[in-house]
Amino acid sequence: MDARSPATIMVVEDDEASRDALSRRLERRGYRIVLAVDGHEAVSKGRSASPDLILMDLGLPGLDGCEATRQLKGDPSTAQIPIIVLSAHAMTNHRDMALAAGGDDFDTKPVRFQQLLEKIEALITKT
Amino acid sequence: MPQAVPTRSRVTELFEQYQSDLHQRTDRLFAGLLGFQWIAGILFALWISPLAWSGTVSRTHVHVWAAVLLGGIINLFPAALGLLRPGRPSTRFAIGVAQMLMGALLIHLTGGRLETHFHVFGSLAFLAFYRDWRVLIPATIVVALDHMLRGLFWPQSVYGVFVASQWRWLEHAAWVVFEDVFLLMSCVRGLAEMRQTAERTAALEQEVRTRQQAENDERALASLTSAIGLALTRGTELSTMLQQCTEALVKHLDGGLARIWTLNDTERMLELQASAGTHTQLDGPQAKVPIGVLSVGMIALERTPQLSHAEQIDPHLDDALWARREGMVAFAGYPLLVDSKLVGVMTIFSRREFSLSVQDTMAAVADGVAVGIERKRAEAELKRRARDLEEAHEIQRTHAQQLSALVDQLRVTQRHAEAATRAKSDFLASMSHELRTPLNAIILYSELLQEEAADHGQPGSITDLEKIQSAGKHLLELINDILDLSKIEAGKMSLSIETFDIRAMLDELLDTAAPLVQKNNNRLNVHCEDTLGTMDSDLTKTRQILLNLLSNAGKFTRDGVIALDVRDTMIAGRPCVEFAVTDSGVGMTEAQTEKIFEPFTQADVTTTRKYGGTGLGLALVSRFCQLMGGSVAVQSAPGEGSRFVVRLPITGHDSAVDAGAPAKVA
């Protein structure tokens, strides 16, 4: 964790309970949290809030996670923000889809929190 | 039946006919001669002594009257006999006697002239025309008596002298007898010749008759052969064909009764098929005759023709009485054989004996009829087979239609099944998403609350929260396993092949697995061969297989030892890695091990309650092994622990190992 200033993580999640639980657990780890409930909000807040990392849920109403990731990575102002794509889907190969859309990493829901933290730390440290 | 030699009776008949003709002819000849003699006698009398003179007075000489009256008496009676009753022996004898008496009269009328005596010799020679020497006897006796008596009492009348030796008649008689001897020989010879002629004529007649008979027979046999040929080749039913054959036999062979039996399918019974002649009905005591019974059955049994020729039919013949009453004189029975196979029997009773050519023809007819029966049967068989074949084709067509319908139905079913599978997959995909999302929240909240409880010093609620977390994780495990299985069954499970170091994989795996194995106070022994290198396979699934096995071993073993042995091996010429997980746990019965790789099957229904687990672990292990071209096997005994051996090919996944398990499990 960066001691100088806490890193900002944008949690993009349409399910209220998941969003709340995940953001509160991350806050307990000292991260600043920005919330987005759908793809469009994710894209606009990504630009305005400039988070250090985005946790992007794949199954979103309106603009889905893949498309939102593609737009963020296609915009030079947000392209450098690392994105971890999360999916509750297991049937289709969402990992490949997420990585193809420009996602930096992928994890499944329900999240194994410890493992997710490791991935977050690795990506934030890299940038 | 015509005979080669003429009958005795016919010769005698002819001979007697000739004799009779000769006698009659000669009788008529003599009738004329006698008349002429009478006239001649009168003329002689008129010429030699017309008048008897007494002085100048003359009167008709007594000789003239004698010639007229005596000559009339002597000649006219036998002449009348010759004309009215010719041919009778009495006529001949009368003529013979009359001829001799006429000779005596002439001799007397000519005054005993020696020349007139030649009339006697001439008459005897004429009498020999009869070729009947008996005629000569009374004639000779009359001559001898005449000469003797007149020689004694009136020699002038007979010898032309007044005195003669009383034995002179003997000399005359001797000359007559002398001639008789020659005439007798002539008669005998003439008769012999006549008999020979009769014999020759009879023989000739006989030959002509025989030839005519033979020609008639030939014509009859030719007609028979053509009638039989026609019957056999006409496209009629078997019974009609055989009936026509029997009718032809009766018609052309002067047969009284012709019958044909055929051997039935059991080959033990002859069945009357056709009957013509005196009996035409097909029922009755001989309608069915077993082989070896009655003469018909015997012919069938012995397979040799039977011929009975005689005035009386073989008394052993069953129909002997009937045959005699009907005037049958010949019987012929033929076995009907085709290539020495018996098909029936043919019999013929006839009122005429069978000639050799008739016998030959009947034998040929029997052969023809046999072939005809066999052909009809073959045709019937062919027809039956054709019908069967047609039925079979019909059935086949029906089956093909049914099959086609079934295939169509199956296609529809398959489409439905595919649609259902897709629907199931889609359902599972969305369900898993819908299940995972709240589960995500549950697990995150339970962990969050644990952290907060720890911060706030509330250890009491931590235990409960851990239970919620544990239940959530179990639920997640269950969802994941179900999802994996349904993916495999939908054929959607794919392998993600990568090259990895086996030891590194095991080290990482044991970090996760060790706590699971050791939780029941078990000891874990790991033994890896030094030769282990890398393998090209699906790392995640390989780990999941081993994790499931180790986790199971830990679950079912308490205070025991669990061993993981890893080594290189060769299966069916392919390099493989063998992972063996051995535990000293509860073990399983044979019945349990048989079902252990089926989904939702644990060794015991109470197992889940007692040991936990989803019941899907081993099913997934088995499916994954097959998918990766490997295999899994189990050895176990109750109370003695279990040993699971997994073998996975080091490279590739497309080819099966061990029992040829499919690379993909649908």
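Conventions adopted
- Residues numbered from 1 in each chain as written.
- Chains lettered and ligands numbered in written order.
- Predicted model: local features only at pLDDT ≥ 70, side-chain atom pairs only at ≥ 80, totals over all residues.
- Helix = DSSP H or I, 4+ residues; strand = E, 2+ residues; numbered from the N terminus.
- Buried ≥ 20, exposed ≤ 12 C-beta atoms within 10 Å, placed from the backbone.
- Contact = placed C-beta atoms within 7 Å.
- Axes fitted to C-alpha atoms, helices over the stretch in contact; angles between N-to-C directions.
- Parallel < 35°, antiparallel > 145°, perpendicular 65-115°, else oblique.
- Left-handed = near helix turned anticlockwise from the far one by under 90°.
- Nonpolar A, V, L, I, M, F, W, Y, C, P; charged D, E, K, R; others polar.
- Core = buried A, V, L, I, M, F, W, Y, C linked by C-beta atoms within 7 Å.
- Expected span 1.5 Å × (residues − 1).
- Pairing = 2+ DSSP bridges.
- pLDDT = per-residue confidence, 0-100.

A.B. asks: Quick question: what am I supposed to make of the overall build of chain A here?
C.D. replies: Per the secondary structure count, chain A includes 5 helices and 5 strands. Sequence-ordered secondary structure for chain A, helices as α and strands as β, is β-α-β-α-β-α-β-α-β-α. Within the span of chain A, comprising 127 residues, buried residues form 39% of the whole. Counted over contacts in chain A with a minimum sequence separation of 6, partners at least 24 positions apart contribute 60%.

A.B. asks: What am I meant to see in the packing of helix α4 (residues 118-127) of chain B against helix α7 (residues 168-233) of chain B here?
C.D. replies: Geometrically, a packed helix pair is captured by the angle between its two axes and the distance between the axes. Residues and elements named next belong to chain B. In contact at an axis separation of 10 Å, α4 and α7 are set at 20° when each is read in the N-to-C sense. On the basis of the axis angle, α4 is roughly parallel to α7. Regarding α4 and α7, the two cross each other, and that crossing is right-handed. Contact with α4, carried on its side by Val120, Phe121, Leu124 and Ala125, involves Val176, Glu179, Asp180 and Leu183 of α7 and no other residues of that element. Broken down by class, the residue content of the contact of α4 with α7 amounts to 6 nonpolar, no polar and 2 charged.

A.B. asks: Is there a simple way to think about the nonpolar core in this case?
C.D. replies: Soluble globular proteins tend to bury their nonpolar side chains together. Residues and elements named next belong to chain B. Counting 46 residues, the largest nonpolar core has Cys245, Leu249, Leu336, Val345, Met362, Ala366 and Val369 as its most contacted members. Of all elements in the fold, only α7, α8 (238-252), β3 (255-263), β4 (269-277), α9 (294-302), β7 (330-338), β8 (341-350) and α11 (356-455) reach the threshold of two or more residues within this core. When residues of this core are assigned to their parent elements, the largest contribution, 7 residues, is made by α11. Ala366 has contacts with Tyr334, Leu336 and Met346, leaving out every residue within four places of it along the chain. Membership of the second largest hydrophobic core comes to 40 residues, among which are Ile74, Leu105, Ile107 and Leu127.

A.B. asks: Please clarify how helix α3 (residues 89-109) of chain B should be interpreted in this entry.
C.D. replies: Since the α-helix advances by 3.6 residues per turn, residues separated by three or four positions end up pointing in the same direction. Residues and elements named next belong to chain B. In this model α3 runs 30 Å from its N-terminal to its C-terminal C-alpha over 21 residues, within 8% of the 30 Å that 1.5 Å per residue would give. A large share of α3 lies buried, amounting to 17 of its 21 residues. Backbone geometry just after α3 places Gly111 at a positive phi near 70°.

A.B. asks: Teacher, can you tell me more about the sheet that holds strand β1 (residues 8-12) of chain A here?
C.D. replies: Across a sheet, strands are paired by hydrogen bonds formed along the backbone, either parallel or antiparallel in direction. Residue and element names in this part refer to chain A. The 5 strands lie next to each other as β2-β1-β3-β4-β5, forming an open sheet whose pairing is parallel. Only two strands of the sheet have a single neighbouring strand rather than two, namely β2 (32-36) and β5 (105-108). Strand-to-strand twist of the sheet, defined as the mean angle between neighbouring strand axes without regard to direction, takes the value 20°. The pairing of β1 with β2 spans 5 bridges and is parallel. Paired with Val11 across the strands is Leu35, a residue of β2.

A.B. asks: Just checking my understanding: could you explain the sheet that holds strand β6 (residues 306-309) of chain B for this structure?
C.D. replies: Residue and element names in this part refer to chain B. Ordered by their spatial adjacency, 6 strands build an open sheet running β5-β4-β3-β8-β7-β6, and the pairing between neighbours is antiparallel. One side of each edge strand has no neighbouring strand; the edge strands of this open sheet are β5 (288-290) and β6. Going from strand to strand, the sheet's axes swing by 20° on average, the running direction of each strand aside. Bridge count between β6 and β7: 4 bridges; the pairing is antiparallel. From the neighbouring strand, Gln306 faces β7, where its bridge partner is Gly333. Contacting β3, β4 and β8, α8 runs over the sheet at an angle of about 50° to β4.

A.B. asks: So what exactly am I meant to see when it comes to the interface of chain A and chain B here?
C.D. replies: With 18 residues of chain A at the contact, the number on the chain B side is 19 residues. Looking at the side of chain A that touches chain B, the element that brings in the most residues is helix α1 (residues 16-28) of chain A, giving 7 residues. Split into classes, the residues belonging to the side of chain A that touches chain B amount to 9 nonpolar, 4 polar and 5 charged.

A.B. asks: Where do I start with the packing of helix α1 (residues 8-48) of chain B against α3 of chain B in this structure?
C.D. replies: All names here are of chain B. Look at α1 against α3: their axes get within 11 Å of each other, and the N-to-C directions meet at 15°. Taken together, the axes of α1 and α3 are roughly parallel relative to one another. The crossing of α1 and α3 is left-handed. Contact residues: α1 offers His23, Asp27, Phe30, Leu34, Gln37, Gly41, Phe44, Ala45 and Ile48, while α3 offers Thr91, Arg92, Ile95, Ala98, Met102, Leu105, Leu106 and Leu109. Here the contact of α1 with α3 is built from residues that sort into 11 nonpolar, 4 polar and 2 charged.

A.B. asks: Explain the confidence of the model for chain B here, please?
C.D. replies: Atom-level detail of predicted coordinates should not be read off regions where pLDDT is low. All names here are of chain B. For chain B, per-residue confidence averages 85 on the pLDDT scale, and 93% of positions sit at 70 or higher. Put simply, helix α16 (residues 607-611) is where chain B has its lowest mean pLDDT, 57, and strand β15 (residues 642-649) is where it has its highest, 94. Contacts of residues 654-666 to residues separated by more than four positions or lying in other chains number 34 contacts, the stretch itself having pLDDT below 50. The ipTM value of the predicted complex is 0.89, and its pTM value is 0.44.

A.B. asks: I tried to follow the environment of Leu43 of chain B on my own but got confused; where do I start?
C.D. replies: Residue and element names in this part refer to chain B. Assignment of secondary structure puts Leu43 in helix α1. With 12 C-beta atoms packed within 10 Å, Leu43 lands in the exposed category. Separated by 24 residues in the primary sequence, Leu43 and Ala67 place their C-alpha atoms 8.4 Å from one another.

A.B. asks: What am I meant to see in unusual backbone geometry here?
C.D. replies: Leaving glycine out, the prevailing phi sign among residues is negative, and the prevailing peptide bond configuration is trans. For the peptide bond that leads from Lys109 of chain A to Pro110 of chain A, omega is 0°, which places it in the cis range. On the secondary structure map, Pro110 of chain A appears in the loop between β5 and α5 (113-126). For Asp254 of chain B, which is not a glycine, the phi torsion comes out positive at approximately 55°. If you trace the backbone, Asp254 of chain B turns up in the loop between α8 and β3. Since 15 C-beta atoms lie within 10 Å of it, Asp254 of chain B is described here as partly exposed. Phi angles above zero are rare outside glycine, and Asp559 of chain B is one such case at about 55°. Along the chain, Asp559 of chain B falls in the loop between α14 (539-555) and β12 (561-571).

A.B. asks: Can you walk me through the pairing of strand β3 (residues 53-57) of chain A in this structure?
C.D. replies: Moving residue by residue along a regular strand, the side chains alternate between the two faces of the sheet. All names here are of chain A. Extensive coverage of β3 is indicated by the burial of 5 of its 5 residues. Of the two faces of β3, the one carrying Leu53, Leu55 and Asp57 and the one carrying Ile54 and Met56 are both buried. Taken together, the 4 bridges between β1 and β3 define a ladder with parallel strand orientation. Its bridge partner being in β3, Val11 is matched across the sheet by Leu55.

A.B. asks: Would you take a moment to explain α8 of chain B for this structure?
C.D. replies: With 15 residues, α8 of chain B ought to run about 21 Å at 1.5 Å a step, and its terminal C-alpha atoms sit 21 Å apart, in line with that. Downstream of α8 of chain B by one or two residues, Asp254 of chain B has phi in the positive range, about 55°.

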